[in-house]
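Topology and contacts: notes
Residues per chain are reported as follows:
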Amino acid sequence: FFFFGRDSKTRFYLDSRASAGLRTRTTMVQHSDTPRKVAIIGSGNWGCAIAKIIAKNCQRLAHLDSTVNMWVYEEVLEDGRKLTDVMNETHENVKYLPGYTLPTNLIAEANIEKAVSGANILVFVIPHQFIGGLCEKIMPNVSSDCIGVSLIKGLDFDENGLVLISELISKKLGGMDISVLMGANIASEVAAGCFCESTVGYSNKNNGLLLKDVFDDTLFRVGLVDNVRGVEICGALKNVVALGAGFSDGMHLGENCKAAVLRIGFEEMRRFIQDRYPEVTDATFFASCGIADLITTAYGGRNHRVAEAYVLAEGTKTLDQLEDEILKGQKLQGTLTCKEIHIILERDGHVKDFPLFASIYRIAFEGYNPETMISSIGNFNLDEENFSLPAPPGAPTGEKTAPRRLNWKVPGGQAPTTEPLHVYMH
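Since we're looking at a predicted model, the values are computed, not measured. (Residues numbered from 1 in each chain as written. Predicted model: local features only at pLDDT ≥ 70, side-chain atom pairs only at ≥ 80, totals over all residues. Heavy atoms only, no water.)

1. A closer look at the pattern of salt bridges
As a reminder of what qualifies: Whenever a carboxyl oxygen of Asp or Glu lies within 4 Å of a side-chain nitrogen of Lys or Arg, that contact is scored as a salt bridge. Strands here are runs of E lasting at least two residues and helices are runs of H or I lasting at least four, both read from the DSSP assignment and numbered beginning at the N terminus. The buried label applies to any residue whose accessible area, calculated with a 1.4 Å probe on protein chains only, is under 20% of its type's maximum; exposed applies above 50%, and partly exposed to all values in between.
Tallied over the entire structure, the rule returns 16 salt bridges. Note that Arg36 is salt-bridged to Asp145, the shortest N-O span being 2.8 Å. Of this pair, Arg36 sits in the loop between β3 (25–30) and β4 (38–41) while Asp145 is found in the loop between α4 (131–138) and β8 (147–150), placing the two residues 109 residues apart along the sequence. The buried category is assigned to Arg36, whose relative accessible area is 15%. Of the charged contacts, one joins Glu366 and Arg362 as a salt bridge, the two residues approaching to 3.9 Å between their closest N and O atoms. What makes Glu366 partly exposed here is its relative accessible area of 40%. Using a relative accessible area of 17% as the deciding quantity, one classes Arg362 as buried. Each of the salt bridges in this network shares a partner with another, and the network as a whole consists of Lys153, Lys238 and Asp293.

Quick look at the structure:
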């Protein structure tokens, strides 16, 4: 909620953050006389969906520059036209968000230096693998007081362990203050104007409030949490759990089993984060960036869709092949995060403490039969318990009670692995 004082450049905020476990309080922020210029780095479906809200707010609010530049990785479409030309002429990203009209004050720009020239606020919404090369070109061209916000749901690591994407961007940009925005936000629903919530994690309160101006809308409500790390890692780890939910649905194990996968996954998310960052409170996990984002991604996100298709293919297609077929140029962040998390757990000797994360990794990267996910989290042996799968929806009556197992073929021809992972539950 917000109220305006007599000075149009001064906004009084009533920042209600009960959902994040924080006390309600009123904060006053004095805005600069010069409108703040926003630049968006990335133009995929999520980038374009959130750009609709950003551009609308920039046109509406006096302290934000009305023109919003969007850096677009240039592509030539099938008809020979450049993607940036089509976006600027038709105000539609026909490749990554077809059918949705983009605001006329959103300008597609293929040159990164021009896209960010003079920017005061950078919105990062690209696969994190591309950050390093872009930041080198961004650094000399932005305003000296520039801040950033990452919408990237992934993690990185180095020889010292976990590296957050926000910290990676900050380091590449000379210590720039980087916040994050994470939440239960499926791109197509945001683009369509469906109501949802999201969470900005910040370390500088004034920057957090400014970013709330950039993103908050009647149908896109933004909460604030003064902890970047907790918000950001929630946004990354839920993609791993969503893979597990997809495996479960691919085996037609039903809603009860899927609920168990989500509960165990949520608990493993909480323990992984708080073991490393004890300052993250339980309240963070109950903001939109936590449980809400997990639920949404486990039912409608890209990680769930590809994981479900992987099981249904019974080993005849790899996750990479399905990523190309289903996502058509978008990236599957869950597998990358899963691999990075597993390296950290192995290094720390904690693989057995995270049975769901471990089994998802082994299914995705070591050819394990997806049935082993259930034996791992249930702590039983598939063969000894005469485990069988339920009949798929639409099966003939006579097949509904017949024992069924996956006819699992490991991509690459290795023998399928059905042994339990010998991990234990807390």
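2. A word on the confidence of the model for the chain
For clarity, the threshold we go by: Known as pLDDT, the predictor's confidence for each residue is given on a scale from 0 to 100. Contact definition: two residues touch when any of their heavy atoms are within 4.5 Å.
Taken residue by residue, the chain gives an average pLDDT of 87. The fraction at 70 or more is 84%. The low-confidence segment residues 1–29, where pLDDT is below 50, has 69 contacts with residues more than four positions distant or belonging to other chains. The low-confidence segment residues 420–426 (pLDDT under 50) makes 24 contacts with residues lying over four places distant or belonging to another chain.

3. Some details on the sheet that holds strand β5 (residues 68–71)
Rules: Strand pairing is assigned whenever DSSP identifies at least 2 bridges connecting the two strands. Helix axes are fitted only over the stretch in contact, all axes being lines through C-alpha atoms; the angle between N-to-C directions runs from 0 to 180 degrees.
If you trace the 8 strands from one edge of the open sheet to the other, you get β6-β5-β4-β7-β8-β11-β12-β13, paired in mixed fashion. Both outer strands of the open sheet, β6 (106–109) and β13 (220–225), are each paired with one neighbouring strand and no more. Taken pair by pair, the neighbouring strands of this sheet meet at an average axis angle of 25°, ignoring direction. In the sheet, strand β7 (residues 121–124) pairs with β8 via 4 bridges, with the strands oriented parallel. Among the inter-strand pairings, Ile121 is bridged to a residue of β8, identified as Ile147. Against the sheet, helix α8 (residues 228–250) touches β11 (178–182), β12 (196–201) and β13, its axis set at about 45° to β11.

4. Thoughts on unusual backbone geometry
Positive phi, normally seen in glycine, also occurs at His252, with a value near 60°. Here His252 lies in the loop between α8 and α9 (254–276). Of note, the phi angle at Glu314 is positive, near 50°, even though the residue is not glycine. Look at Glu314 and you get partly exposed, because its relative accessible area is 22%.

5. Quick look at the packing of aromatic side chains
Aromatic ring pairs are defined here through the distance separating the ring centres and the angle between the ring planes. Operational definition: Centres within 6.5 Å make a pair out of two Phe, Tyr or Trp rings, where for Trp the six-membered ring is used; the pair is then stacked when the planes are under 30 degrees apart, edge-to-face when over 60, and tilted otherwise.
This model, assessed by the stated rule, comprises 6 aromatic pairs. Ring plane angle 90° and centroid distance 6.3 Å describe the contact between Phe266 and Phe285, whose orientation is recorded as edge-to-face. Pair noted here: Phe266 is in helix α9 and Phe285 is in helix α10 (residues 282–285), with a separation of 19 residues, a long-range link. The pair formed by Phe266 and Phe285 is uniform in burial state, with each residue classed as buried. Both rings, one in Phe266 and one in Phe286, keep their centres 5.8 Å apart while their planes meet at 65°; by these two values the pair is edge-to-face.

6. A word on the nonpolar core
Nonpolar side chains in soluble globular proteins tend to end up buried together. Test applied: Only buried Ala, Val, Leu, Ile, Met, Phe, Trp, Tyr and Cys residues count toward a nonpolar core, and they belong to the same one when joined by side-chain atoms within 4.5 Å.
Judged by nonpolar contacts, the single largest core of 56 residues is most densely connected at Leu237, Phe247, Phe272, Phe357 and Met373. Among the elements that line this core, the one with the most residues is α8, at 9 residues. Listed in part, the 46 residues of the second largest apolar core include Cys48, Ala51, Val149 and Ala187.

7. A closer look at the pairing of strand β10 (residues 161–164)
Pairing between strand β9 (residues 155–158) and β10: 4 bridges, direction antiparallel. Paired with Asp158 across the bridge in β10 is Gly161. Counted between consecutive antiparallel strands, the loop separating β9 from β10 contains 2 residues.

8. Things to note about the packing of helix α12 (residues 302–312) against helix α13 (residues 319–327)
Heads up, the condition is: Here roughly perpendicular refers to angles of 65 to 115 degrees, roughly parallel to angles under 35, roughly antiparallel to angles over 145, and oblique to all remaining angles. In this scheme, a crossing is called left-handed if the near helix is turned counterclockwise away from the far one by less than a right angle; it is called right-handed if the turn is clockwise. Classes in brief: Ala, Val, Leu, Ile, Met, Phe, Trp, Tyr, Cys and Pro nonpolar; Asp, Glu, Lys and Arg charged; the others, Gly included, polar.
The geometry of α12 relative to α13 is characterised by a closest axis approach of 10 Å and an angle of 125° between their N-to-C directions. Taken together, the axes of α12 and α13 lie oblique to each other. Considering how the two elements wind past one another, α12 and α13 form a crossing that is right-handed. Facing α12, whose interface residues are Arg302, Arg305, Val306, Ala309 and Tyr310, α13 presents Leu319, Leu322, Glu323, Ile326 and Leu327. Its residues assigned to classes, the contact of α12 with α13 comprises 7 nonpolar, no polar and 3 charged.

9. Remarks on α4
Rules: Think of it as the arc spanned by the lines of direction from the helix axis to the C-beta atoms.
Turning to α4, its buried residues are Ile131, Leu134, Cys135 and Ile138. The buried residues of α4 occupy an angular sector of 105° when the element is viewed end-on, so they sit on one face. Looking at the buried side of α4, the elements it contacts are β4, β5, α3 (112–116), β7 and α5 (165–172).

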